[in-house]
Amino acid sequence: MTATEVLREFVTWLPSIAKLGEEMAHIVNYLATISEGMVVCQGQGLMWGGLFTHNGQSADPDFRSKVVQAFKRHCDDCLIVPYHVPVGGFMISPVIDIDVGTIYDIGERLEEAIKRTMKEVGWEPVTAPPVPNPLTPKAIASKSTLDLTRLAEMADKGLPRIVARTDSTIVLAEAAKQAVSRGSLHLMQDLGNGKCVPYLHMTRCCTECGSFVCLDVRKKFRSNSVASSSTIHQGGFGETKEAYPDSDASAASSEIPGF
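Summary of the structure given here. Computed from a predicted structure; not experimentally measured. (Residues numbered from 1 in each chain as written. Predicted model: local features only at pLDDT ≥ 70, side-chain atom pairs only at ≥ 80, totals over all residues. Heavy atoms only, no water.)

## Considering the overall build of the protein
Turning to step 1, where the next piece is worked out: Looking only at helices and strands, the protein features nine helices and five strands.
Turning to step 2, where the next piece is worked out: Beginning at the N terminus, the succession of helices and strands in the protein can be written as α-α-β-β-α-β-β-α-α-α-α-α-α-β.
Turning to step 3, where the next piece is worked out: Here the protein holds 259 residues, and the buried ones make up 44% of them.
Turning to step 4, where the next piece is worked out: Expressed as a percentage of contacts within the protein between residues at least 6 apart in sequence, the contacts between residues at least 24 apart total 69%.
Turning to step 5, where the next piece is worked out: About 13,100 Å² of surface is accessible on the protein, with carbon and sulfur atoms providing 55% of the total. (Helix = DSSP H or I, 4+ residues; strand = E, 2+ residues; numbered from the N terminus. Buried < 20%, exposed > 50% of the residue type's maximum accessible area, 1.4 Å probe, protein only. Contact = heavy atoms within 4.5 Å. Areas by Shrake-Rupley, 256 points an atom, 1.4 Å probe, with all protein chains shown as cover.)

Quick look at the structure:
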């Protein structure tokens, strides 16, 4: 019964995941840029990772280890707790119903931790090897919403022969049909077109009206100009932002659920 309800609910969040994945793509690309070759990032949707490179000074294992340890310490100082991976990096995987403002707050704290690390170790800028760009935001959004369309059509016309008619696939198709009827598919035509739609407000991921995120902060992360970067905006670091997979979504308001 619980699994059935999870499947019913999950598909309704696919467009939201796509939208927030777009925002996270801009954030991690910005972080990699301001790190000047110290960090590379990759991922999609709501799962992203940063890896400390072996470029420049970090070609020395001892120096790279120093970088990793300094970053962990500065994350603590900036009240941000990403999931630190043993190979020398970190993971960011927020809970599905996170709001877009919190994602940018996380980005600002990681930015500050990276900058403090660079200053402490005396990082010398290097040109990092090119890495594959993440899927374009519209490609991600279109895929998730089109998937909902196909599933909804299955519910209307009956599941095709190539899809096993199990309880789970039938439930998923019916849930997709309900999601489409609630307007999720509006994202396919409105995402990226500067429109503020009800679904985005329901899931707290609208970035057009400023209701959930500071537009100036968002503009900074979306800018390709390193010169536009700045430290945490007014107010400093007043709350701990947790960023690990096992965090509790019902935690106190001073914590961010799940990374």
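Next comes the rest of the account.
## Some remarks on a nonpolar patch on the surface
Turning to step 1, where the next piece is worked out: A surface patch of nonpolar side chains, amounting to about 240 Å² of accessible area, comprises V6, F10 and I96.
Turning to step 2, where the next piece is worked out: When you line up the elements, F10 lands in helix α1 (residues 2–10). (Patch = residues over 30% accessible without salt bridge, like charges linked within 9 Å, V, L, I, M, F, W, Y side chains within 5 Å. Salt bridge = Lys/Arg side-chain N within 4 Å of Asp/Glu carboxyl O.)

## A few points about the state of the cysteines
Turning to step 1, where the next piece is worked out: Applying the stated criterion to the full structure yields zero disulfides.
Turning to step 2, where the next piece is worked out: In this structure C205 is not part of a disulfide, and its nearest cysteine sulfur, from C206, lies 7.5 Å away.
Turning to step 3, where the next piece is worked out: You can call C205 buried: its relative accessible area is 0%.
Turning to step 4, where the next piece is worked out: This cysteine, C209, is not joined by any disulfide, and C206 carries the nearest cysteine sulfur, 3.8 Å off. (Disulfide = S-S within 2.5 Å.)

## With respect to the side chain of R218
Turning to step 1, where the next piece is worked out: Mapped onto the fold, R218 is located in helix α9 (residues 215–222).
Turning to step 2, where the next piece is worked out: Judged by relative accessible area, R218 falls into the buried class, the value being 11%.
Turning to step 3, where the next piece is worked out: Excluding anything up to four places from it in sequence, R218 contacts K19, E22, E23, Y104, T207 and V213.

## A few points about the packing of helix α4 (residues 100–121) against α9
Turning to step 1, where the next piece is worked out: The N-to-C vectors of α4 and α9 enclose an angle of 55°; their axes lie 10 Å apart at closest approach. With respect to their mutual orientation, α4 and α9 come out oblique. Handedness of the α4/α9 crossing: left-handed. Packed against α4, whose contacting residues are Y104, G107, E108 and E111, the element α9 presents V217, R218, K220, F221 and R222 at the interface.
Turning to step 2, where the next piece is worked out: Broken down by class, the residue content of the contact of α4 with α9 amounts to three nonpolar, one polar and five charged. (Axes fitted to C-alpha atoms, helices over the stretch in contact; angles between N-to-C directions. Parallel < 35°, antiparallel > 145°, perpendicular 65-115°, else oblique. Left-handed = near helix turned anticlockwise from the far one by under 90°. Nonpolar A, V, L, I, M, F, W, Y, C, P; charged D, E, K, R; others polar.)

## Thoughts on helix α3 (residues 61–77)
Turning to step 1, where the next piece is worked out: Taking 1.5 Å per residue, 17 residues should reach 24 Å; α3 reaches 24 Å between its end C-alpha atoms and fits that length.
Turning to step 2, where the next piece is worked out: Listed as buried for α3 are F63, R64, V67, V68, A70, F71, H74 and C75. Burial along α3 is one-sided: seen end-on, the buried residues are contained in an arc of 165°. Seen from the buried face of α3, the exposed residues on the opposite side, beyond 90 degrees, are P61, D62 and D76.
Turning to step 3, where the next piece is worked out: Tucked inside the fold, the buried residues of α3 contact β2 (47–52), β3 (80–85), β4 (89–92) and α4.
Turning to step 4, where the next piece is worked out: Where α3 starts, the residue carrying a side-chain oxygen 3.0 Å from the main-chain nitrogen of D62 turns out to be D60.
Turning to step 5, where the next piece is worked out: Where α3 terminates, the next one or two residues include L79, which has phi positive at roughly 60°. (Expected span 1.5 Å × (residues − 1). Arc of directions from axis to C-beta. Polar contact = N/O pair within 3.5 Å; in protein donor to acceptor, adjacent residues only side chain to side chain.)

## Quick notes on the pairing of strand β1 (residues 39–44)
Turning to step 1, where the next piece is worked out: Pairing analysis gives six bridges linking β1 to β2, with the strands arranged antiparallel. Paired with V39 across the two strands is F52, which belongs to β2.
Turning to step 2, where the next piece is worked out: Taking the residues that link successive antiparallel strands as the turn, the β1-β2 hairpin has two residues, and the phi of G45 there is positive, at about 55°. (Pairing = 2+ DSSP bridges.)

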